[in-house]
Amino acid sequence: MRKYIYITLLASVLIGCGGNESTEVVDEHILETVVGTQETLERVEKSQMIFRTIPSPLETATLFQEAGVEYNQSITSPIGNVSNYVTSVQKSLNLGVYGADLSFANIFGQSQESMLYMNCSKILSDGLGVINAFDVATIERMEVNMNNRDSLLGLISDAYWITDAHLKENGQDHLSVLIITGGWIEGLYIGTATLNKDEPNKALMQRIADQKYSLKSLIDLLDTYDNESVAEIGDKLKTLQTVYSKIGVKTGETTVSEREGVATIGGGNVLTFETEIIFEIRAAIKKIRDEIIL
């Protein structure tokens with residue numbers, strides 16, 4: 001049960017199953033009993049904060065549709081890069097990246113691309129010593145359910161559940177958080193890369209602005225690990241946080257500025273931003289992402 005709670009959170013970020021402000025919060029006392037240590041409890045709670053601001057697959061698909069976004073494989077990480085990742089840190093970060101790419105391909109019903117990203121995920125998972133996450137039987141079931149999104153998402157979730165559980169059982173918790181981080185980075189990158197610079201979609205910009213909160217939670221989560229590689233990626237994200245600090249936070253009712261849309265966050269907080277800031281975020285996340293995938 002302890003693994004299930006944490007892996008459910010992991011799968012959420014990798015395959016785009018995050019919730020919104022109405023996401024149910026697990027009772028703290030139940031979590032403390034099930035999860036065990038206070039340190040792990042704090043990590044689970046920080047993970048929950050990340051996933052509350054991640055759009056669900058339906059919301060993501062709707063946003064892309066309204067913004068006139070079409071599937072563009074050039075946005076996603078090249079599948080040919082998979083052989084370049086030799087260290088466990090590279091494999092973990094890019095396992096998260098390919099998980100987000102898989103979600104992007106799945107949203108647009110790109111069956112062939114989905115299988116390619118699943119194969120990349122298998123290679124990296126195997127490289128981390130988790131050979132049963134994407135075994136032959138699992139891949140065959142994924143192929144059969146390629147046109148059934150719900151079933152496919154469930155199978156992908158199970159595969160990442162196995163990967164995360166294996167890493168934790170072998171004392172490699174830091175690799176699990178790197179998978180989460182890679183998925184978050186790629187998800188934000190895809191969102192910003194799909195923006196039309198001449199006529200940026202306001203709803204999509206709002207969701208990008210929302211990540212101000214999930215970024216803080218992600219950095220807080222990374223800071224709980226005493227690991228050089230985790231600290232290094234955390235420092236990179238702190239440069240992104242500097243850009244996000246330009247997004248204002250006000251308390252009050254929803255308003256609409258004359259120049260830009262304003263994102264409403266739960267609890268009465270209102271984010272105010274200019275288009276230029278969103279494109280600064282795009283440049284910053286692209287730099288971080290490029291350093292991961294190359």
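Residues numbered from 1 in each chain as written. Predicted model: local features only at pLDDT ≥ 70, side-chain atom pairs only at ≥ 80, totals over all residues. Heavy atoms only, no water.

Let's talk about the pattern of salt bridges
Oppositely charged side chains can form a pair if their charged atoms are brought close together.
And then number 1: A full pass over the atoms with the stated rule returns 10 salt bridges.
And then number 2: The closest approach of N and O atoms between R289 and E186, which form a salt bridge, is 2.8 Å. Of this pair, R289 sits in helix α12 (residues 275-293) while E186 sits in helix α9 (residues 173-193), and the two are 103 residues apart along the sequence.
And then number 3: Among the residues examined, E186 registers a relative accessible area of 0% and is labelled buried.
And then number 4: Residue D223 pairs with K238 through a salt bridge whose shortest N-O separation is 3.6 Å. Taken as a pair, D223 in the loop between α10 (202-222) and α11 (228-244) and K238 in helix α11 lie far apart in primary sequence, 15 residues in all.
And then number 5: Residue D223 is classed as partly exposed on the basis of its relative accessible area, which comes to 46%.
And then number 6: Using a relative accessible area of 32% as the deciding quantity, one classes K238 as partly exposed. (Salt bridge = Lys/Arg side-chain N within 4 Å of Asp/Glu carboxyl O. Helix = DSSP H or I, 4+ residues; strand = E, 2+ residues; numbered from the N terminus. Buried < 20%, exposed > 50% of the residue type's maximum accessible area, 1.4 Å probe, protein only.)

Thoughts on the packing of aromatic side chains
And then number 1: Scanning the entire structure with this criterion turns up 6 aromatic pairs.
And then number 2: Geometrically, the ring pair formed by F64 and F108 is stacked, given 5.8 Å between the ring centres and 25° between the ring planes. With F64 in helix α4 (residues 57-66) and F108 in the loop between α5 (88-107) and α6 (111-127), this pair connects stretches of sequence that are 44 residues apart.
And then number 3: Taking 5.1 Å as the distance between ring centres and 35° as the angle between the ring planes, the aromatic pair formed by Y71 and F104 counts as tilted. Here F104 lies in helix α5 and Y71 lies in the loop between α4 and α5, a separation of 33 residues in the sequence. There is no split in this pair, since Y71 and F104 are both buried. (Phe/Tyr/Trp six-rings, centres within 6.5 Å; stacked < 30°, edge-to-face > 60°.)

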